[in-house]
Amino acid sequence: VITILLVEDNEMNRDMLLRRLQRKGFQVLTALDGEQAIQMTQQHRPALVLMDMSLPVVDGWEATRRLKADPATKNIPIIALTAHALPLERDRALEAGCVAFETKPIDFPKLLAVMESVQK
Amino acid sequence: MRTLTSRLRSLDEMFYILIGALALLLGVGAVYLNWEKGRQADLLARQNRRAVSLIRQFQLTVSEAESGHRAFLLTGEAAFLAPYSLAMDSLEGQMTQLREIGANHAAIGGRFNQIQKLANQKMAELTASAQSAWLGEWDFAIELVEKGRELETTARLRDLIAEVELATLEEGERLTQETLSSMKMAALLAVICCIGLFILFAVENQRVAARRRAAEHASAVKSAFLASMSHELRTPLNAVIGYSQMLQEDAAADNRVGDYQDLQKIESAGKHLLELINSILEMSKIEAGKVEVHAAPFSVPELLTEVIELVRPTAAKNGNTLDIALAPGVDKMFSDVVKIRQCLLNLLSNAGKFTQNGKITLRAERVVEGQRAFLRFDVIDSGPGIGAHELALLFEPFHQLESTPIRGKGQGTGLGLAITRRLTRMLGGDTLVQSEPGVGSTFTLSLPEEFTPGALHAAPPLRQSDKPTVLVIDDDTAIHGLVRRLFDKHPVQVAVARNGEEGIRMARLLNPRVITLDVIMEGADGWEILRRLKTDPQLSCIPVILLSILDTHGDSRGFLAQEVFTKPVDIDRLSGAILRHAAAGRAQSALIVDDSPDTRGMLKRQLQSLGWLIHEAADGAEALEKCASMCPGVVVLDLMMPTVDGFEFLSRLRATDGGRYTPVLVVTAMDLDPAQRQRLKQQAAAVISKGSLRGNDLIAQVLATLEVSK
């Protein structure tokens with residue numbers, strides 16, 4: 001079973017994506033903000049992190065930077081999920097250390113494909 | 001507005017330039033005045049120095065003469081008289097020099113005269129005394145000296161000389177002071193000007209910077225608003241689309257078909273909203289000028305194959321077939337492939353959405369227009385077609401077709417065509433449409449083969465359909481129906497506009513052969529619409545038939561219209577008039593220009609059998625007016641006329657936009673010289689001699705002229 005961490009502060013979106021991913025057979029952990037995300041990643045070492053970028057406490061960019069700076073977690077791929085659609089946002093996410101970037105509303109089949117390609 | 005602001009700005013600039021020039025002028029003036037003053041002061045100072053040195057020398061000469069004279073008196077030795085005589089000789093010359101200086105020296109001139117007088121007196125005394133001694137009258141000579149009269153003279157002379165010295169010194173000082181203070185004034189003035197200019201400049205800079213900041217701020221606020229709006233809408237949409245997809249999976253698993261279909265609708269509504277948000281973002285980016293053209297060479301056939309494959313699934317959904325028709329010569333293009341792909345996808349997906357079980361063709365051809373080559377992409381569908389009155393609004397943002405099955409289904413954004421047109425215009429081309437209800441639509445992208453930055457969109461015009469169009473501008477729907485029924489059996493297309501604005505838009509788009517216009521419409525001034533139709537260079541040549549409930553025959557505003565009908569209209573007469581204008585079109589009306597009414601009448605009778613509209617003009621000036629307002633299909637022109645003759649008429653006609661290509665047939669009794677012939681060869685279609693006209697010759701010539709000019 002592949003464990004992934006879903007970081008999302010919006011309750012509905014978290015619930016929806018959690019359940020859809022569970023249906024696909026993933027074990028899904030959730031975090032509500034950037035700080036929790038760092039803590040959970042360090043503690044559980046998921047295979048993959050799906051990171052919303054606009055988050056309370058510590059935002060997604062900062063959380064990504066910190067995880068990438070930590071030797072223990074730097075190899076865990078992080079996929080940015082954001083409702084910011086401008087091309088600039090993609091660059092920002094990749095600069096922070098994300099391996100891929102998906103805009104909301106999520107194209108679920110595409111997300112699954114990206115997740116698969118990232119794990120390889 | 002823009003020209004107004006730029007004019008205001010240039011007024012501002014003029015103001016600053018004026019102020020600057022004024023300051024410069026003041027500065028230069030002050031420097032010149034000071035320099036002049038300084039020069040005069042310097043001149044005066046030199047004169048004064050010369051005066052003082054002369055006067056000292058003068059004094060020395062006088063005292064030398066005096067001491068020589070005394071020594072002679074004391075010793076009686078004639079040798080002592082030598083310096084005396086020498087001094088007496090040179091005094092004369094020195095006095096002349098003093099007189100010269102005194103003449104242009106007001107302050108000391110008077111004193112010089114006194115000095116001279118005293119010196120003369122002194123000399124006279126000395127001479128008298130010396131002569132007495134010489135004659136042996138020593139007593140008298142000594143008495144003269146003893147009396148001290150000459151001493152008195154010497155003292156007065158000395159005093160005067162001192163006074164002169166003092167006066168010149170004072171004058172010099174005064175001048176220096178004056179020069180200094182005026183220099184101070186000039187410096188002060190210059191400093192004030194500089195400070196003033198600096199302040200003005202700084203204030204203006206501030207204003208410009210403030211305006212720029214405000215504009216930048218407004219633009220930044222708008223961008224930020226759009227970005228955050230997009231973000232805020234996407235977040236709930238993510239839930240809407242995600243949950244509905246999830247539930248669709250459930251419904252499909254449980255085989256609940258009804259639920260599945262409803263959930264699909266929710267999903268597609270969500271996706272539609274998303275599309276809308278994307279389009280709005282794109283539109284605002286285009287409008288903010290943030291979309292850049294990235295031109296590069298690419299292969300057109302490859303692009304077309306690629307887009308066809310992309311839209312094949314959508315087209316197949318509605319049971320449509322999809323074909324490419326590639327004309328020979330279509331190969332490479334230098335333009336922005338991403339934007340062209342987007343435009344083609346948009347047109348193709350529109351065609352796929354609106355057409356059911358039909359045929360969609362993507363056709364490409366290369367068209368050469370003058371110096372430039374264009375690529376013309378037609379997306380042809382066999383869909384429901386678009387009514388003429390909707391064609392005009394098609395490219396307006398958020399306009400969606402009223403009469404299509406797609407409306408309300410949440411499939412279009414109303415921005416796709418607006419974006420497509422803007423993108424093609426950015427690339428120097430245009431997006432055009434032709435459509436016939438029940439037959440289908442053709443959307444055309446016309447793009448320069450090679451993108452050149454800054455080129456205006458100058459696409460070749462759309463091919464006009466062969467059927468002439470009648471445009472009915474009327475708020476009375478009964479008239480729409482009436483005109484439609486009138487032309488059921490005729491090869492005439494009827495387009496209707498329900499108000500004047502729409503009418504003008506449609507007229508621009510459809511280029512109708514004739515327009516009927518109700519002058520009394522609700523909420524619009526038909527007279528104003530008439531005026532706008534007739535003053536628009538693109539539209540002014542379209543004949544207008546006025547319809548009105550009131551009798552407007554006497555109204556002078558109606559002179560712009562070709563015909564006037566009062567409602568209720570005589571159907572036969574109206575249809576006759578419309579058909580005459582529509583079928584005749586531009587090519588089949590003629591203007592006869594001749595100063596002789598008899599000749600005009602004769603020519604008119606000959607041409608009337610053609611069934612054309614015949615206009616007449618008595619000279620070149622009137623003919624030019626008629627050409628502008630009536631746009632005749634052909635002009636039959638006499639050369640010898642009062643005021644503006646045929647040659648001048650031709651030159652002026654060829655210089656107008658509307659008259660550049662109007663065929664002109666010259667009918668003249670003049671013997672032409674070679675130069676005149678050459679000139680007519682360039683400007684007229686044919687020249688025939690008046691005397692040679694027989695029977696139907698004129699008709700044959702006119703028709704031949706039209707044939708040649710086609």
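The model shown is predicted, which means the values in this text are computed figures rather than measured ones.

A count of helical and extended segments in chain A gives 5 helices and 5 strands. Secondary structure of chain A in N-to-C order comes out as β-α-β-α-β-α-β-α-β-α. By the burial criterion, 52% of the 120 residues in chain A qualify as buried. Expressed as a percentage of contacts within chain A between residues at least 6 apart in sequence, the contacts between residues at least 24 apart total 60%.

Residues and elements named next belong to chain B. With 18 residues, helix α7 (residues 300-317) extends 26 Å from end C-alpha to end C-alpha; this agrees with the ideal 26 Å at 1.5 Å per step. In the structure, α7 departs most strongly from a straight axis at V311, where the bend amounts to approximately 45 degrees and where the proline P313 lies between one and four residues downstream. Of the positions making up α7, those classed as buried are V300, L303, L304, V307, I308, V311 and A315. On its buried face, α7 sits against β1 (296-299), β2 (321-326), β3 (332-335), α8 (337-354), β4 (359-369) and β5 (372-381). Remark: G319 follows α7 within two positions and exhibits a positive phi of approximately 70 degrees.

Moving on to the packing of helix α3 (residues 60-69) of chain A against helix α4 (residues 87-96) of chain A. All names here are of chain A. Contact geometry for α3 and α4: axes closest at 8 Å, N-to-C directions at 30 degrees. Regarding the angle of α3 to α4, the classification is roughly parallel. Residue-level contacts link W61, T64, R65 and K68 of α3 to E89, R92, A93 and A96 of α4. For the contact of α3 with α4, the class distribution of residues is 3 nonpolar, 1 polar and 4 charged.

What follows covers the packing of aromatic side chains. Residue and element names in this part refer to chain B. Tallied over the entire structure, the rule returns 0 aromatic pairs over all chains. The aromatic ring of W35 is capped on one face by R39, whose charged end is 6.0 Å from the ring centroid. The ring centre of F395 lies 3.8 Å from the NZ or CZ of R421, which sits over that ring.

Residues and elements named next belong to chain B. Pairing is mixed across the open sheet formed by 5 strands, whose spatial order is β2-β4-β5-β7-β6. Only two strands of the sheet have a single neighbouring strand rather than two, namely β2 and β6 (430-436). Across the sheet, the mean angle from the axis of one strand to that of its neighbour is 20 degrees, orientation sign disregarded. As paired elements, β2 and β4 share 6 bridges and run parallel to each other. Pairing of L326 across the sheet is with A364, part of β4. Against the sheet, α8 touches β2, β4, β5 and β7 (440-448), its axis set at about 25 degrees to β5. In this fold helix α10 (residues 416-426) packs onto β6 and β7, with an angle of close to 135 degrees to the strand it touches most, β6.

All names here are of chain A. Here strand β1 (residues 3-7) pairs with strand β2 (residues 27-31) via 5 bridges, running parallel. Paired with L6 across the bridge in β2 is T30. You can see the chain leave β1, run along helix α1 (residues 11-23) and come back into β2, and the turn it takes is right-handed.

The next thing to look at is the interface of chain A and chain B. Each partner contributes to the interface: chain A provides 17 residues, whereas chain B provides 17 residues. Where A:R20 meets B:E249, a salt bridge forms, and the shortest distance between an N and an O atom there is 3.2 Å. Linking chain A with chain B are 13 residue pairs in polar contact (both at pLDDT 80 or more). With 7 residues, the top contributor of residues to the side of chain A that touches chain B is α1(A). Residues that form the side of chain A that touches chain B fall into these classes: 8 nonpolar, 4 polar and 5 charged.

All names here are of chain B. Taken together, V191, I195, F198, I199 and V203 make up a surface patch of nonpolar side chains, about 480 Å² in accessible area. Here F198 lies in helix α5 (residues 149-253). F198 sits in the exposed class, given a relative accessible area of 59%.

All right, on to the side chain of A:H84 then. Along the chain, the position of A:H84 falls in the loop between β4 (78-82) and α4. A polar contact of 3.2 Å, which involves the side chain of A:H84, links it to the side chain of A:S54. Ignoring any residue separated from it by four or fewer positions in sequence, one finds A:H84 in contact with A:S54, A:E89, A:F101, A:T103 and B:H231.

In this section: the nonpolar core. All names here are of chain B. Membership of the largest hydrophobic core comes to 63 residues, with the highest contact counts inside it found for I340, L344, F377, L517, L533 and L546. What L533 contacts, discounting residues up to four positions off in sequence, is I473, I504, A507, I515, L517, L539, S540 and V544. Core analysis: the second largest hydrophobic core is formed by 27 residues, A65, F112, L157 and I161 among them.

With that out of the way, let us pick up the pairing of strand β8 (residues 469-473) of chain B. Residue and element names in this part refer to chain B. The element β8 is extensively covered by neighbouring structure, given that 5 of its 5 residues are classed as buried. Of the two faces of β8, both are covered, the one formed by T469, L471 and I473 as well as the one formed by V470 and V472. Summarising the sheet, β8 and strand β10 (residues 514-518) pair through 4 bridges and their orientation is parallel. Looking at the pairing, V470 lines up with V514 of β10.

This model, assessed by the stated rule, comprises 34 salt bridges over all chains. Between A:E62 and A:R65 there is a salt bridge; the shortest N-O distance is 3.6 Å. Within this pair, A:E62 and its partner A:R65 are both found in helix α3, separated by 3 residues, close to a single helical turn. A:E62 gets classed as partly exposed once you look at its relative accessible area, which sits at 27%. One network of salt bridges, in which partners are shared, links A:R20, A:R23, B:E249 and B:D250.

Next up on the list: the sheet that holds strand β3 (residues 48-52) of chain A. Residue and element names in this part refer to chain A. The parallel open sheet is built from 5 strands, whose spatial order is β2-β1-β3-β4-β5. Since the sheet does not close on itself, it has two edges, and those belong to β2 and β5 (100-103), each with one partner. Sheet twist, expressed as the mean angle between neighbouring strand axes with direction ignored, is 20 degrees. Of the pairings in the sheet, the one linking β1 to β3 comprises 4 bridges and is parallel in character. Across the sheet, the residue bridging to V7 is M51, located in β3.

Parameters and conventions
- Residues numbered from 1 in each chain as written.
- Chains lettered and ligands numbered in written order.
- Predicted model: local features only at pLDDT ≥ 70, side-chain atom pairs only at ≥ 80, totals over all residues.
- Heavy atoms only, no water.
- Helix = DSSP H or I, 4+ residues; strand = E, 2+ residues; numbered from the N terminus.
- Buried < 20%, exposed > 50% of the residue type's maximum accessible area, 1.4 Å probe, protein only.
- Contact = heavy atoms within 4.5 Å.
- Expected span 1.5 Å × (residues − 1).
- Bend = angle between axes of the 7 residues up to and from the residue.
- Axes fitted to C-alpha atoms, helices over the stretch in contact; angles between N-to-C directions.
- Parallel < 35°, antiparallel > 145°, perpendicular 65-115°, else oblique.
- Nonpolar A, V, L, I, M, F, W, Y, C, P; charged D, E, K, R; others polar.
- Phe/Tyr/Trp six-rings, centres within 6.5 Å; stacked < 30°, edge-to-face > 60°.
- Lys NZ or Arg CZ within 6 Å of the ring centre and 35° of its normal.
- Pairing = 2+ DSSP bridges.
- Right-handed = clockwise from strand over helix to strand, strands pointing away.
- Salt bridge = Lys/Arg side-chain N within 4 Å of Asp/Glu carboxyl O.
- Polar contact = N/O pair within 3.5 Å; in protein donor to acceptor, adjacent residues only side chain to side chain.
- Patch = residues over 30% accessible without salt bridge, like charges linked within 9 Å, V, L, I, M, F, W, Y side chains within 5 Å.
- Areas by Shrake-Rupley, 256 points an atom, 1.4 Å probe, with all protein chains shown as cover.
- Core = buried A, V, L, I, M, F, W, Y, C linked by side-chain atoms within 4.5 Å.

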